[in-house]
Amino acid sequence: MAELDLTLLALLVFLPTFFAVGLMVFPARWTEAMRWWAVFGTAGTLSLALCVFVGYYTHIQSYLDMNGRPGYGVKTRLDVRAEQSASDAAQPVPRSPQHEDWVARRPWIPRFDIEFALGVDGISLALVLLTTMVMLLAVVASWRIEESVRGYLALLLLLETGVLGAFLALDFFLFYVAYELMLLPMYVLIGLWGGQRRRYAALKFVIYTLLGGVCLLVAMIALYSVNVRDFVDQNEVQRRAVEWAKTTYRTTTPSPAEIREALDRVEIHTFDFVTLSKVGRAVALVLSGQEHRLDVKDVKNDKNAPHTDRVGLFSPGVDRMAALERLKTQPVCSEQFQYLIFALLFVGFAVKVPIVPLHSWLPDAHVEAPTPISMILAGILLKLGGYGLVRVAVPICPWPAAELAWWIAGIGVLGILYGALVAMGQTDFKKLLAYSSVSHMGFVLLGLASWGSAASARYWQWGVNGAIFQMISHGITASALFFVVGVIYDRAHHRDLNRLGGLKEPMPLYSGMSVILFFASMGLPGLCGFVGEFCVFLAAWNFSPLLASLAVVSVILTAGYLLWTWQRVYLGTNPATKDFPDLTPREAICLLPFVVFAILLGVLPGVLVFGWLDPSVSGWIENLAPLRP
């Protein structure tokens, strides 16, 4: 019987590619059919994402924590499920994979221990749902694209496969392939379908993205050099030792002495996120003078870390003292190695967030990209940077992340204030929204960096929840506002704020939807933008009142530039805009879901998001908060 979760997750990733290939059979003149084919492809992908959501939510609800809360049981955590999946596969007689644990792994390149490993939790699932919705609406928004429709739609669909693969990957190599896969489609989409300076903007985007990609590649290779034999199932170590003895001594039945010698020599290297995270947490305890807390995992009590001062990271069956000695002799257990790898990972993902001063590619890319590509860029691709910090950088290098937490939070605050101030001085509607994105994504960095110890973990949990919610809400409002700009550009053929105005009278439906999105982006209570920022402010105040106070100033700045923009675009009278037609049915259909979710996520954030996001964030915090003394 096929593994259900493997089937659904693989289909979710590769269905857009299937539809992209399917475009090749359409005759060139069937452009309308191509558009509908792409709509069906993205709608099918959204449907699969919803099926995964229902399956995942049903799965976690069956596990209770000690207080009887559904969804918070230890077995719902992604690292626990992934570790169990790897252990099942490492047994002398591999156990049958579980069909509904929402973790799937198959050997891909065995020579280098690279796996096709996919998994889902509340953090990744939130961004998967956002991606599939924005991609569907971006395809609907692409109806006015007339040049090379087949190539344009195929690149959009390939881009979706890359994004979904990155959000679901549990193997660093697979993640890197998916992460880099997005580079070429986005480069071509901007370079061929963009504005007058499209080639410059596309080249700048590639240069910055390649810079981040090279940093990630170097970090990935360095992490692969780490010997993780004490952090994986010991049956795998035994199997590797027997293979080594057979090869070295040229025998089919190695003696016990030969196997013992092989056990002393065997090394295991991996790209697995969960295993590398366990190594990172063990190193954090050693470097912070807490190696006495580092212990072998208690297989009878998966919850031993929350109950005792001990942190079980070594695999069952490992000799603790020997494992600790092996760990301390590796370069990974040095401060220099940790700082270097974290810096590489941080820069690699910071380019995508983007943070100041690595942000200058974003305004140019937005200004020159066609409207649907700007929607994808703001709504989806920027979230890959924040997700990479959550899934990769902080869990794998928690010690330098904790040591540098104040400075990282400071960079976030700098981006918040800088983006808002620069946005206030823009006259190009798109460029204003681009700098607004720099400001809003700074809250993601501030929330993640509001590191707390086990005693104050709940504040940090609010910050991480707020950071992820901010990514969702910004994905909705930013995508919608770029579409709002596209609507008026189709009529006015310019984006100069000083030449617009008076749109409220000829376009009442358009203006009414736009004002909701403006206020949501502003962070008005009752709309989606308020929830994430409020959670981040709570965490930041507990972490650093100074940084929190500076970040709060952005509320005034954001209100200032958004209200001023609203006044210049929609109020007053303007003979040049008085005959503009209101939204077409297609434009209204594209804009309506954004407006609905901007309201619903602001009114019901607990029901719609936190109810299934918080258990995953809680597990993430439980792994990292106890590392800080």
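### A word on empty space enclosed by the protein
Turning to step 1, where the next piece is worked out: Tallied over the entire structure, the rule returns six cavities of 30 Å³ or more.
Turning to step 2, where the next piece is worked out: A volume near 290 Å³ is recorded for the largest cavity.
Turning to step 3, where the next piece is worked out: As for the largest cavity, its lining consists of 18 residues, and the residues nearest its centre are Leu78, Asp79, Arg391, Trp620 and Asn623.
Turning to step 4, where the next piece is worked out: Breaking the lining of the largest cavity down by element, the ones donating at least two residues are α3 (78-90), α11 (273-287), α16 (371-396) and α25 (605-624).
Turning to step 5, where the next piece is worked out: The leading source of residues in the lining of the largest cavity is α25, at five residues.
Turning to step 6, where the next piece is worked out: Residue classes in the lining of the largest cavity are distributed as nine nonpolar, four polar and five charged.

### Some points on the packing of helix α6 (residues 172-181) against helix α8 (residues 198-224)
Turning to step 1, where the next piece is worked out: Two elements in contact, α6 and α8, have axes whose closest approach is 11 Å; the angle formed by their N-to-C orientations is 170°. As the angle between them shows, α6 and α8 are arranged roughly antiparallel. Along its contact with α6, which presents Phe172, Phe173, Tyr176, Tyr179 and Glu180, the element α8 presents Leu210, Gly213, Leu216, Leu217, Met220 and Leu223.
Turning to step 2, where the next piece is worked out: Looking at the contact of α6 with α8 residue by residue, the classes come out as nine nonpolar, one polar and one charged.

### Side note on the side chain of threonine 371
Turning to step 1, where the next piece is worked out: Examined against the element boundaries, threonine 371 turns out to sit in helix α16.
Turning to step 2, where the next piece is worked out: Residue classification places threonine 371 among the buried positions, given a relative accessible area of 18%.
Turning to step 3, where the next piece is worked out: Setting aside residues up to four positions removed in sequence, threonine 371 forms contacts with Lys430, Phe482, Phe483 and Gly486.

### Things to note about the side chain of serine 374
Turning to step 1, where the next piece is worked out: Note on placement: serine 374 falls in helix α16.
Turning to step 2, where the next piece is worked out: Given a relative accessible area of 0%, serine 374 falls into the buried group.
Turning to step 3, where the next piece is worked out: Within the structure, serine 374 has its side chain in polar contact with the backbone oxygen of histidine 366 (distance 3.2 Å).
Turning to step 4, where the next piece is worked out: In this view, serine 374 contacts His366, Ala369, Lys430 and Phe482; residues no more than four positions away in its chain are not counted.

### Concerning the packing of aromatic side chains
Turning to step 1, where the next piece is worked out: According to the stated counting rule, one finds 35 aromatic pairs in the structure shown.
Turning to step 2, where the next piece is worked out: Put simply, the rings of Phe172, Phe175, Tyr179, Phe273 and Phe349 touch in pairs and so form one group of aromatic residues.
Turning to step 3, where the next piece is worked out: In this structure, lysine 352 is placed above the aromatic ring of tyrosine 179, and the distance from its NZ or CZ to the ring centre is 4.8 Å.

### A short note on the environment of glutamate 146
Turning to step 1, where the next piece is worked out: For glutamate 146, the position within the fold is in the loop between α4 (122-141) and α5 (149-168).
Turning to step 2, where the next piece is worked out: Taking relative accessible area as the criterion, glutamate 146 reaches 59% and is therefore assigned exposed.
Turning to step 3, where the next piece is worked out: The spatial distance from the C-alpha of glutamate 146 to the C-alpha of threonine 31 is 8.2 Å, given a sequence separation of 115 residues.
Turning to step 4, where the next piece is worked out: In terms of polar contacts, glutamate 146 uses its side chain to reach the side chain of arginine 35, at 3.4 Å.

### Some points on α4
Turning to step 1, where the next piece is worked out: Helix length check: α4, at 20 residues, gives a terminal C-alpha distance of 28 Å against a target of 28 Å (1.5 Å per residue), a fit within 8%.
Turning to step 2, where the next piece is worked out: Within α4, 20 of the 20 residues are buried, which leaves it mostly tucked inside the rest of the structure.

### A closer look at the nonpolar core
Turning to step 1, where the next piece is worked out: One finds Phe172, Leu327, Leu345, Ile376 and Leu381 to be the most contacted residues of the largest nonpolar core, which totals 234 residues.
Turning to step 2, where the next piece is worked out: Counting residues per element, this core draws most heavily on helix α20 (residues 457-492), at 19 residues.
Turning to step 3, where the next piece is worked out: Excluding anything up to four places from it in sequence, leucine 327 contacts Phe231, Val279, Ala282, Val283, Val286, Leu294, Val332 and Cys333.
Turning to step 4, where the next piece is worked out: Grouped together as the second largest cluster of nonpolar side chains are six residues, Leu78, Ala82, Ala117 and Val274 included.

### A word on the packing of α5 against α6
Turning to step 1, where the next piece is worked out: Here α5 crosses α6 at 150°, and the two axes come no closer than 8 Å. Judged on the interaxial angle alone, α6 and α5 are roughly antiparallel. Relative to α6, α5 is oriented so that their crossing is left-handed. Contacts between α5 and α6 involve Leu158, Thr161, Gly162, Gly165 and Ala166 from the former and Phe175, Ala178, Tyr179 and Leu181 from the latter.
Turning to step 2, where the next piece is worked out: Grouping the constituent residues of the contact of α5 with α6 by class yields six nonpolar, three polar and no charged.

### Here's the deal with the pairing of strand β2 (residues 114-119)
Turning to step 1, where the next piece is worked out: Summarising burial for β2: five of the six residues are buried, a large majority.
Turning to step 2, where the next piece is worked out: Pairing between strand β1 (residues 103-109) and β2: six bridges, direction antiparallel. In the sheet register, arginine 106 faces β2, and the bridge partner there is phenylalanine 116.
Turning to step 3, where the next piece is worked out: Between β1 and β2, which pair antiparallel and follow one another directly, the connecting turn spans four residues, one of which, aspartate 113, has a positive phi of 55°.

### With respect to the environment of aspartate 309
Turning to step 1, where the next piece is worked out: Within the secondary structure, aspartate 309 sits in the loop between α12 (304-307) and β4 (311-314).
Turning to step 2, where the next piece is worked out: Sequence separation between aspartate 309 and asparagine 498 is 189 residues; the distance between their C-alpha atoms is 62 Å.
Turning to step 3, where the next piece is worked out: With sequence-adjacent residues up to four places away left out, aspartate 309 is seen in contact with His292 and Arg293.

### Thoughts on the environment of tyrosine 152
Turning to step 1, where the next piece is worked out: Relative to the elements of secondary structure, tyrosine 152 occurs in helix α5.
Turning to step 2, where the next piece is worked out: Since its relative accessible area comes to 1%, tyrosine 152 is described here as buried.
Turning to step 3, where the next piece is worked out: Taking the C-alpha atoms as reference points, tyrosine 152 and leucine 189, separated by 37 residues in sequence, lie 6.8 Å from one another.
Turning to step 4, where the next piece is worked out: If near-sequence neighbours (up to four positions away) are discounted, tyrosine 152 is found in contact with Ser142, Ile145, Leu189, Trp193, Pro372 and Ile373.

### Details of the pattern of salt bridges
Turning to step 1, where the next piece is worked out: Summed over the entire model, instances satisfying the criterion amount to 25 salt bridges.
Turning to step 2, where the next piece is worked out: Put simply, arginine 197 and aspartate 364 hold a salt bridge, and the shortest N to O gap is 3.8 Å. Linking arginine 197 in the loop between α7 (183-193) and α8 with aspartate 364 in helix α15 (residues 361-368), this pair joins segments that are 167 residues apart in sequence.
Turning to step 3, where the next piece is worked out: Between arginine 265 and glutamate 261 there is a salt bridge, with the nearest N and O atoms lying 3.2 Å from each other. Here arginine 265 and its partner glutamate 261 are both found in helix α10 (residues 256-265), four residues apart, which amounts to about one turn of the helix.

### Topic: a nonpolar patch on the surface
Turning to step 1, where the next piece is worked out: Among the surface-exposed residues, Leu592, Val596, Ile599, Leu600, Val603, Leu604, Val607 and Leu608 lie close enough to one another that they form a single nonpolar patch of about 620 Å² accessible area.
Turning to step 2, where the next piece is worked out: Of all the secondary-structure elements, those providing two or more residues to the nonpolar patch are α24 (585-603) and α25.
Turning to step 3, where the next piece is worked out: A total of five residues in the nonpolar patch trace back to one element, the largest contributor, which is α24.
Turning to step 4, where the next piece is worked out: With respect to the secondary-structure elements, valine 596 resides in helix α24.
Turning to step 5, where the next piece is worked out: Given the relative accessible area of 34%, valine 596 is considered partly exposed.

Here is what the cut-offs are and how they apply
Residues numbered from 1 in each chain as written. Predicted model: local features only at pLDDT ≥ 70, side-chain atom pairs only at ≥ 80, totals over all residues. Heavy atoms only, no water. 1 Å grid on protein atoms, 1.4 Å probe; cavity = no way out; pocket = protein on both sides within 12 Å on 5 of 7 lines; lining within 4 Å. Points joined across faces, edges and corners; volume = space filled by probe spheres on them. Helix = DSSP H or I, 4+ residues; strand = E, 2+ residues; numbered from the N terminus. Nonpolar A, V, L, I, M, F, W, Y, C, P; charged D, E, K, R; others polar. Axes fitted to C-alpha atoms, helices over the stretch in contact; angles between N-to-C directions. Parallel < 35°, antiparallel > 145°, perpendicular 65-115°, else oblique. Contact = heavy atoms within 4.5 Å. Buried < 20%, exposed > 50% of the residue type's maximum accessible area, 1.4 Å probe, protein only. Polar contact = N/O pair within 3.5 Å; in protein donor to acceptor, adjacent residues only side chain to side chain. Phe/Tyr/Trp six-rings, centres within 6.5 Å; stacked < 30°, edge-to-face > 60°. Lys NZ or Arg CZ within 6 Å of the ring centre and 35° of its normal. Expected span 1.5 Å × (residues − 1). Core = buried A, V, L, I, M, F, W, Y, C linked by side-chain atoms within 4.5 Å. Left-handed = near helix turned anticlockwise from the far one by under 90°. Pairing = 2+ DSSP bridges. Salt bridge = Lys/Arg side-chain N within 4 Å of Asp/Glu carboxyl O. Patch = residues over 30% accessible without salt bridge, like charges linked within 9 Å, V, L, I, M, F, W, Y side chains within 5 Å. Areas by Shrake-Rupley, 256 points an atom, 1.4 Å probe, with all protein chains shown as cover.

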